[in-house]
Amino acid sequence: MSPLIGADTITAWETRHGRLNAGDIVLFRTGWDTLPAGQEGDGYLRDVLAHKSPAWPAPSVDVVELLLGRGVRCVGIDAPSIGAAHDPIPAHVTGLREAMVFIECLTALDRLRPAGVVLLPPRQGGGWHRSSGPGRRTGSPEHDPVRVRGRR
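These numbers come from a predicted model, not from an experiment.

Peer 1: Give me the lowdown on the packing of aromatic side chains, citing residues and values where you can.
Peer 2: The description of two aromatic rings rests on the distance between their centres and on the angle between their planes. Counted under the stated rule, the structure contains one aromatic pair. With 6.3 Å between their ring centres and 75° between their planes, Trp 32 and Trp 56 make a pair best called edge-to-face. Placement of the pair is Trp 32 in the loop between β2 (25-28) and α2 (46-49) and Trp 56 in the loop between α2 and β3 (58-59), with a sequence separation of 24 residues. Here Trp 32 falls in the buried class, since its relative accessible area comes to 11%.

So this is what it looks like as structure tokens:
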């Protein structure tokens, strides 16, 4: 089962850095990206799905609803999915119902500062690919990133 990231995580971050606003992009740094991926990286995804190892942390439905209430429409995570390994659908459906965009499998979020990061989704097939695809984030290195300010 995935440990759920609760609303207290968001409110604690807001206490330190200020309230999230409409247009902000939230990135969850769980540390999951430090697990090896690829053929040697069964712990990243395969072992979790086979119930051989603990699952990645994921935002609860309450967190997705809180972020939607703040006007956040883009959320990223360094884990394989925004949804919990044991039940991925509720968080996804809650966000997608309000046109929230999810970015998964991010890496090196520990090198970013709390705000001021830019996300660069590539154009695919003559338009923006809205359901999945690669992306790149850039920003000045620091630590403890959660929020990205700016327009999407």
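Peer 1: Go over the pairing of β2 with me, naming the residues and quoting the values.
Peer 2: Side-chain alternation along β2 places Ile 25 and Leu 27 on one buried face and Val 26 and Phe 28 on a second face that is also buried. Bridge analysis of β2 against strand β4 (residues 74-77) gives four bridges, and the strand direction is parallel. Within β4, the position partnered with Ile 25 by the bridge is Cys 74.

Peer 1: Explain helix α1 (residues 7-17) residue by residue, including any values.
Peer 2: Within the sequence span of α1, burial applies to Ile 10, Trp 13 and Glu 14. For α1, the angular spread of the buried residues around the axis is 100°, confining them to a single face. Residues of α1 that are exposed and angled more than 90 degrees away from the buried face: Asp 8, Thr 15 and Arg 16. One or two residues past the end of α1 sits Gly 18, with phi positive at roughly 105°.

Peer 1: I'd like a rundown of the nonpolar core, residues and numbers included.
Peer 2: One finds Ile 10, Leu 20, Phe 28, Leu 67, Val 75 and Met 100 to be the most contacted residues of the largest nonpolar core, which totals 26 residues. Of the residues forming this core, the biggest block, five residues, is contributed by helix α3 (residues 61-70). For Val 75, the residues in contact, after removing those within four places along its chain, are Val 26, Phe 28, Leu 67, Ile 82, Met 100, Val 101, Phe 102 and Ile 103.

Calculation criteria
- Residues numbered from 1 in each chain as written.
- Predicted model: local features only at pLDDT ≥ 70, side-chain atom pairs only at ≥ 80, totals over all residues.
- Heavy atoms only, no water.
- Phe/Tyr/Trp six-rings, centres within 6.5 Å; stacked < 30°, edge-to-face > 60°.
- Helix = DSSP H or I, 4+ residues; strand = E, 2+ residues; numbered from the N terminus.
- Buried < 20%, exposed > 50% of the residue type's maximum accessible area, 1.4 Å probe, protein only.
- Pairing = 2+ DSSP bridges.
- Arc of directions from axis to C-beta.
- Core = buried A, V, L, I, M, F, W, Y, C linked by side-chain atoms within 4.5 Å.
- Contact = heavy atoms within 4.5 Å.

Scope: geometric values only; no functional claims are made or implied.
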